[in-house]
There are 2 protein chains.
Amino acid sequence: MEYTKITNAILAEIENAIGKENVFIDDDSLANYAHDETEDLKYFPEVVVKPTDTIAVSALLKICNHYAVPVTPRGGGTGLSGAALPIYGGVLLSMEKFKAIIDIDTDNLQATVEPGVITEEFMNAVAAKGLLYPVDPSSKGSCFIGGNVAHGSGGPRVVKYGTIREYILNLEVVLANGDIIWTGANTLKYASGYNLTQLMIGSEGTLAVVTKIVTKLIPAVSQSVLMLGSFSTNEQACAAVSAIFRAGITPSALEFMERKGVEWVIKFDDIKFDLKDDVNAFLMIEFDGDDLDTIFKDCEKVNMVLEEFGCTEVLFADTSQQKEEIWRMRRTMAESVKSNSVYKEEDTVVPRAALPKLVNGIKEIGARYGFESVCYGHAGDGNLHINIIKAGMSDEDWKHRLKDGIVEIFELTTALGGTISGEHGIGLVQKDYMPIKYSEIHLNLMRSIKAVFDPKGILNPGKITPTPNP
Amino acid sequence: MEYTKITNAILAEIENAIGKENVFIDDDSLANYAHDETEDLKYFPEVVVKPTDTIAVSALLKICNHYAVPVTPRGGGTGLSGAALPIYGGVLLSMEKFKAIIDIDTDNLQATVEPGVITEEFMNAVAAKGLLYPVDPSSKGSCFIGGNVAHGSGGPRVVKYGTIREYILNLEVVLANGDIIWTGANTLKYASGYNLTQLMIGSEGTLAVVTKIVTKLIPAVSQSVLMLGSFSTNEQACAAVSAIFRAGITPSALEFMERKGVEWVIKFDDIKFDLKDDVNAFLMIEFDGDDLDTIFKDCEKVNMVLEEFGCTEVLFADTSQQKEEIWRMRRTMAESVKSNSVYKEEDTVVPRAALPKLVNGIKEIGARYGFESVCYGHAGDGNLHINIIKAGMSDEDWKHRLKDGIVEIFELTTALGGTISGEHGIGLVQKDYMPIKYSEIHLNLMRSIKAVFDPKGILNPGKITPTPNP
C-alpha cells in the first residue's frame, strides 16, 4: 500500500473535523504513543488524535480514507503483540476519551459501554449493581475494554466463564470509509446472517473502529476459595490439569506457575512466600459460587485428584487477604520478568491434555538454543505464557537465532492441535509466524476479508497477516 | 449470477469424481430433496449427490465451480427458513453419509464429528462417556450437527449453556474452489487472526461446506427438576422471565408457552393435560446440577419470584416420566400447529425484559391483520417462536397482506433491540426482511464477504441476503 504523509492541509482538515483540542503533534505526545507494552519497540505516529464521539471518529476516518493516511487505533496501550504500534506513522487514534459507561441494564443483564473504559472500572460499576462481568485479563487495572474486544481477551476465569467472545452482544463500529453500523443485536441469540460481531472480536482494529460495546452480564457470586497445590515437577502439575476436568470438576480459575516465576517475584517484588526446596511447580485452583458447602465439596474432590498426581502440599486461602497475596504473585509475574531482563513473551495455547508435552518441549527447545524460560498461565484453558529470557545467549544469537527457536515452539504448539496466540493476539510481533499455523490459502482469506472492510488498507496496517508470498 | 445447467458431460464428471453410486437423478430422489420443513415450498435439484468424504466434496466443488453449477448443501432437512432448498436447481449436496463420530476425547473434553451425525445420537454417544454436549434443538432426533453449525442453533438449554457458537472449536471446510482448510484450532481460546470458525457458524452453507466439526464438551450433570408455572396472562408470564434472572437465578431452561399452544397439542397429539379455565400462559423452568439440595434452593427462590408475578399454580416434576411429558408438550407444539393448519413460523428474539412488549405487540398486529398466532419458545433467551395461523384471513390476504403484518412484527422486534431470527436462520423465506434490520451498507458487507469465499456464487445461492437495490 502507498500511504500519504500528513501535510499541514490534512492536519487542518482533521483539526477542523474533530476539534483542535483533540489533536496533538508535540514531541511528548508522539513519544508517549510510540510504544505499548510489547518489548521495547518504538514507532512514532505523525499525529495523535483523541476524538470524543462516534461522529468525530467517522469524520476522521473519512479524511484519512480519502488521503490514504494510516490510522492505528489504540486502547490502554497494554498490548503484548504490538498491535497498537503505528508502524507506518500516520494517525494514532487513542480511544481514551470514550470513557462513558452508558447504561447498566439490570432488567436485561446487559451493559452498554464505550471502548475507553478501563476494564476493572467497568467490572466495579457492574459489581455495584450486584452483577458480574467476568473477563478480567491481568492488565485489568489499566487496559481498556475496547482493547479487550480487539484482542478477544481472556484472563484467569475463562475456564469457567468463557472469553470476551461470549460476553459481547453487539458493537457500534466505524468502517474505514466513515460509515457507522451496529454489527448485530442486543440479544443472547443471533441467527440473522454473517456474524460481524464475532468477526470484529479479535480483529485488532484492522477491520473497523469500535465505538460502543454491548456486553452480557451475569449474576454476581458471593463466595470463593483459592487453593495452591505444590508439585515436584512441571510435568506432574500440568498432567493434573486435564485430570481435574476429567473428574467432572470446573474451577473458576486454574493457573500454572513454574518455580522460576515464583523466584522472580520473590526476588524483585515485595512478595513474601515460603518457597520450599523440593517444589518446582504450582497450580492455583479457585472455586466460586454462592454456597460455601458446595465449594468445599469441589475442593475435596480436587484434592483427591491432586494427590494422585504427586501434589506435595495444598495451601487453602479463604480470607480475601490470603487470596489477594497469591493472586498478586501470579499477576506480577509478567511485569517482574519484563522489568528485570531482556525477554520475549509468547502466548501458546493447546488442548489442555497436551500441556505436559508443551512445557517439556519448550524446555527442550530452550536447552538447544541456550535460552531460559519462565512458564505460567491459564492452564485450565491450555494457555501457557512463555517468558523467554536471554540468559547465556549471545547478543548475536538473541538477535538472529532466537527466531528459529520460537518457530520450533510454534511448530510444536500447532502439532499439538493448538495455535500461536490464545489471548494476546498477533499484532506486529507474531505476524511472521502466522504461516506456521495457516496455509497461504487461509491467509489470503484473511487478507481478502480485510480488503472488504478497508479497501485502501488504512486501518492498523501491517498487523495480523504477513506480507504475501511473492 | 449466471448458472450452468447440468449436462450429461458434467454429470459424468461428477460421477467419475465422487462415485456413480453416490449420484442420483431418479424422480424420487429429486422429489425427496426438493423440500425441507419450511412451509410447503418445493424446489427440485437437477441432481442429488451423497459424497462420502472430504476429498469427494472437494472434487465435486472443483467441478461445480469450474462450470458455475449451483450447489446447495443439506443436513437433516429439518430447517425452518428454507436454507436447504435448491432454488436454482443444480446440485443438492446431502451430507447424510458423513456419519462418523471420529473421536470423543475424554482427556481434552472435545469431540471430532462428521456433519451428518444426528444431534441426539451425538449427545447420546457423549453421554455414554459421562460428558455433556448441551446444544439440543427441538429437532434433535432428526437434525444433523452440521445443520446446527450452519444455523448457529440453540435450543432450550442455551439460557444456561449457550448456543452452538460456544461449543464449536474448529471446523474442516471445503471452499467453493475445492480448497480444504481447518478454520481454527482445537483450543478453548483463540486470538490468532480473524475467527473464521465463528464466521462459518450461522453462514448457512453459503461460504463453505463443513466436513468435520470439533466440539467442546462439558461434564455431565446428574440431576434435574422441572417446574411448570401457570399464569392468567401472557404478559405476567413474560414479565416474570427477566425478574428470575434479576433475582440471580440461572435455570437450565426457561420456556414460555401460551394457552393456545397447549390447546393444540391436547387436541391433535396424544397428550393428556389438565388445562384449567383461568390459565392463559405457562413457564417451564428447569434446574440441573449434581446436588439436589442446591437445585431445590433455586426452586424455592424462583417460586418466590413467580408468586410476585401472579403465578396461580406451580407443578413440580421430578420423575423422568413427568418431566418427559411436559417437555413433549413443548416439543410437539411446532409440529402440531404445522400439521393441522396453514401456518408461517417466525423466530423473533429480543432482550428478555422486552418480551411482554413483544408478545402484546404480536397480538395487536394480528388483530389488525386478522391472523391468529401461537407463541412459545425460549423465553429465557428472549427468543419467541411465533406460529402465525391463517384463521379467518382470506386466501387473498394470506397471500398478499400477511407480509405487511410480518414486516410490522420484525419492525417491532428490531425497535426492541432484537433481530429477525434467533436460531432458525434467514435462508430463503426471511431474506426479504433483512433490510428491516440491516442497512444496505451492512448487507453489502455480507455480500462482499460471500464473494471472498465464493466468487462465482455457487454455494447455496439466493440465501441470506436479498437482491441488492438497483
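The name recorded for chain A in an unreviewed UniProt entry is FAD-binding protein, from Pedobacter polaris. Taken verbatim from the UniProt record of chain A, the Cofactor (unreviewed entry) comment is "FAD".

**Overview of the sheet that holds strand 18 (residues 383–389) of chain B**
Residues and elements named next belong to chain B. What the seven strands build is an open sheet, ordered 15-12-14-13-17-18-16; its pairing is antiparallel. Each of the sheet's edge strands pairs with one partner strand only, and the pair in question is strand 15 (313–317) and strand 16 (343–349). When the angles between neighbouring strand axes are averaged without regard to direction, this sheet yields 20°. By the bridge criterion, six bridges tie strand 13 (residues 253–258) to strand 14 (residues 281–289) in an arrangement that is antiparallel. Bridging across to strand 14, Ala253 finds its partner in Glu286. Each of strand 12 (223–231), strand 14 and strand 15 is contacted by helix 10 (residues 292–308), which is oriented at about 10° to strand 12, the strand it contacts most.

**Focus on the sheet that holds strand 5 (residues 101–105) of chain A**
Residues and elements named next belong to chain A. The antiparallel open sheet is built from five strands, whose spatial order is 5-6-10-8-9. Whereas interior strands pair on both sides, the edge strands pair on one side only; in this sheet they are strand 5 and strand 9 (180–182). Strand-to-strand, the axes of this sheet are offset by a mean angle of 10°, without reference to chain direction. In this sheet, strand 10 (residues 209–216) lies alongside strand 6 (residues 110–113) in antiparallel orientation, the contact comprising four bridges.

**Some details on the domain arrangement of chain A**
Partitioning chain A into domains gives domain 1 (8–96), domain 2 (104–219), domain 3 (221–329) and domain 4 (341–427). Relative to domain 3 of chain A, the C-alpha centre of domain 1 of chain A lies at a distance of 42 Å.

**Quick look at helix 8 (residues 234–246) of chain A**
Residues and elements named next belong to chain A. Its 13 residues give helix 8 an end-to-end C-alpha distance of 19 Å, which sits within 8% of 18 Å, the value for a rise of 1.5 Å per residue. All buried positions along helix 8 are accounted for by Asn234, Ala237, Cys238, Ala240, Val241, Ser242, Ala243, Ile244 and Phe245. One or two steps after helix 8, the chain reaches Gly248, where phi turns positive at roughly 85°.

**Here's the deal with the side chain of Lys216 of chain A**
Within the fold, Lys216 of chain A resides in strand 10. The buried charged residue Lys216 of chain A lacks any salt bridge partner; its closest oppositely charged side chain belongs to Glu166 of chain B, at an N-O distance of 4.5 Å. Contacts of Lys216 of chain A, omitting those with residues within four sequence positions, involve Leu109, Tyr133, Glu166, Tyr167, Leu169 and Leu188 of chain A.

**Considerations on the packing of aromatic side chains**
A full pass over the atoms with the stated rule returns 13 aromatic pairs over all chains. Aromatic pair Tyr3 of chain B and Tyr88 of chain B: ring centres 5.3 Å apart, planes at 50°, arrangement tilted. Highlighted residues: Tyr3 of chain B in the segment before helix 1 (8–18) and Tyr88 of chain B in the loop between strand 3 (71–74) and strand 4 (91–94), separated in sequence by 85 residues. Taking relative accessible area as the criterion, Tyr88 of chain B reaches 42% and is therefore assigned partly exposed. Three or more aromatic residues link up through ring pairs in this structure, and these residues are Phe122, Tyr133 and Tyr167 of chain A. Seen from the ring of Tyr433 of chain A, Lys403 of chain A lies directly overhead, with NZ or CZ sitting 5.7 Å from the centre. The ring of Phe245 of chain B carries Arg352 of chain B above its face, with NZ or CZ at 3.5 Å from the centroid.

**A closer look at the UniProt feature "domain: FAD-binding PCMH-type" (unreviewed entry) in chain A**
If you check UniProt for "domain: FAD-binding PCMH-type" (unreviewed entry), the listed places come out as residues 41–220 of chain A in our numbering. For residues 41–220 of chain A, the end-to-end C-alpha separation is 40 Å, with 22% helix and 23% strand making up the annotated structure.

**What about helix 12 (residues 355–369) of chain A?**
All names here are of chain A. Compared with the 21 Å implied by 1.5 Å per residue over 15 residues, the 21 Å span of helix 12 between its first and last C-alpha is a close match. Along helix 12, the residues that are buried comprise Leu355, Pro356, Leu358, Val359, Gly361, Ile362, Ile365, Gly366 and Tyr369. Contact partners of the buried residues in helix 12: helix 8, strand 16 (343–349), strand 17 (372–378), strand 18 (383–389) and helix 14 (402–415). At the C-terminal side of helix 12, Gly370 shows a positive phi close to 90°.

**Concerning the relation of the copies chain B and chain A**
Both copies of the chain are related by a screw-like operation: a rotation about an axis and a shift along it. Once chain B has been moved 0.0 Å along the axis and rotated by 180°, it coincides with chain A to within an RMSD of 0.0 Å. Here the two chains are linked by the operation of a two-fold rotation axis. Comparing interface residues between copies, 99% of those in chain B also lie at the interface in chain A; the contact surface is shared.

**With respect to the packing of helix 12 (residues 355–369) of chain B against helix 14 (residues 402–415) of chain B**
Residues and elements named next belong to chain B. It is the contact of helix 12 with helix 14, at a shortest axis distance of 10 Å, that shows an interaxial angle of 160°. Judged by the inter-axis angle, helix 12 sits roughly antiparallel to helix 14. Regarding helix 12 and helix 14, the two cross each other, and that crossing is right-handed. Of the residues in helix 14, those touching helix 12 at Lys357, Leu358, Gly361, Ile362, Ile365, Arg368 and Tyr369 are Asp404, Gly405, Glu408, Ile409, Leu412 and Thr413.

**What about the nonpolar core?**
Formed by 185 residues in total, the largest nonpolar core has its most connected members in Phe453 of chain A together with Phe453 of chain B. In this structure, Phe453 of chain B is in contact with Leu445 and Ile449 of chain A together with Leu175, Ala176, Leu196, Leu199, Met200 and Leu207 of chain B, ignoring residues within four places of it in sequence.

**A few points about the interface of chain B and chain A**
On the chain A side, the residues contacting the 80 residues of chain B number 79 residues. For the chain B and chain A pair, buried surface summed over both sides reaches about 6000 Å², with 61% attributable to carbon and sulfur atoms. Sorting the residues of chain B by area buried against chain A places Lys189, Ala191 and Tyr194 of chain B first, and these three jointly supply 15% of that buried surface. The tally of links between chain B and chain A comes to eight salt bridges. Note that Lys189 of chain B and Glu423 of chain A form a salt bridge whose closest N and O atoms lie 2.9 Å from each other. On the surface where chain B and chain A come into contact, there are 32 residue pairs in polar contact (both at pLDDT 80 or more). Contributions of two or more residues to the side of chain B that touches chain A are made by strand 9 (180–182), helix 7 (196–200), helix 8 (234–246), helix 10, helix 15 (434–437) and helix 16 (440–453) of chain B. The element that contributes the greatest number of residues to the side of chain B that touches chain A is helix 16 of chain B, accounting for nine residues.

**A short note on the packing of helix 8 of chain A against helix 10 (residues 292–308) of chain A**
Residues and elements named next belong to chain A. Between helix 8 and helix 10, the least distance of the axes is 9 Å, while the angle of their chain directions is 140°. Of the possible angle classes, the one that applies to helix 8 and helix 10 is oblique. Considering how the two elements wind past one another, helix 8 and helix 10 form a crossing that is right-handed. Residues Ala240, Ala243 and Ile244 of helix 8 touch helix 10, and the partners they reach there are Val302, Val305 and Leu306. A breakdown of the residues in the contact of helix 8 with helix 10 according to their chemical character gives six nonpolar, no polar and no charged.

**With respect to the pattern of salt bridges**
Counted under the stated rule, the structure contains 48 salt bridges over all chains. When the shortest N-O distance is used, the salt bridge between Asp381 of chain B and Lys189 of chain A registers 3.1 Å. Highlighted residues: Asp381 of chain B in the loop between strand 17 (372–378) and strand 18 and Lys189 of chain A in the loop between strand 9 and helix 7 (196–200), drawn from two different chains. Ionic pairing is found between Arg368 of chain B and Glu364 of chain B, a salt bridge with its closest N-O pair at 2.7 Å. In this pair, Arg368 of chain B and Glu364 of chain B both sit in helix 12, four residues apart, roughly one turn of the helix. The class of Glu364 of chain B is partly exposed, set by a relative accessible area of 41%. Via salt bridges that share partners, Asp136, Lys140 and Arg157 of chain A belong to a single interconnected network.

The rules behind the values
- Residues numbered from 1 in each chain as written.
- Chains lettered and ligands numbered in written order.
- Predicted model: local features only at pLDDT ≥ 70, side-chain atom pairs only at ≥ 80, totals over all residues.
- Heavy atoms only, no water.
- UniProt positions renumbered as here; feature names shortened; annotations may be inferred.
- Pairing = 2+ DSSP bridges.
- Helix = DSSP H or I, 4+ residues; strand = E, 2+ residues; numbered from the N terminus.
- Axes fitted to C-alpha atoms, helices over the stretch in contact; angles between N-to-C directions.
- Contact = heavy atoms within 4.5 Å.
- Domains from an automatic or database assignment.
- Expected span 1.5 Å × (residues − 1).
- Buried < 20%, exposed > 50% of the residue type's maximum accessible area, 1.4 Å probe, protein only.
- Lys, Arg positive; Asp, Glu negative; His and termini not counted.
- Salt bridge = Lys/Arg side-chain N within 4 Å of Asp/Glu carboxyl O.
- Phe/Tyr/Trp six-rings, centres within 6.5 Å; stacked < 30°, edge-to-face > 60°.
- Lys NZ or Arg CZ within 6 Å of the ring centre and 35° of its normal.
- Least-squares fit on C-alpha atoms with pLDDT ≥ 70 in both.
- Parallel < 35°, antiparallel > 145°, perpendicular 65-115°, else oblique.
- Left-handed = near helix turned anticlockwise from the far one by under 90°.
- Core = buried A, V, L, I, M, F, W, Y, C linked by side-chain atoms within 4.5 Å.
- Buried area = accessible area lost by both parts, 1.4 Å probe.
- Polar contact = N/O pair within 3.5 Å; in protein donor to acceptor, adjacent residues only side chain to side chain.
- Nonpolar A, V, L, I, M, F, W, Y, C, P; charged D, E, K, R; others polar.

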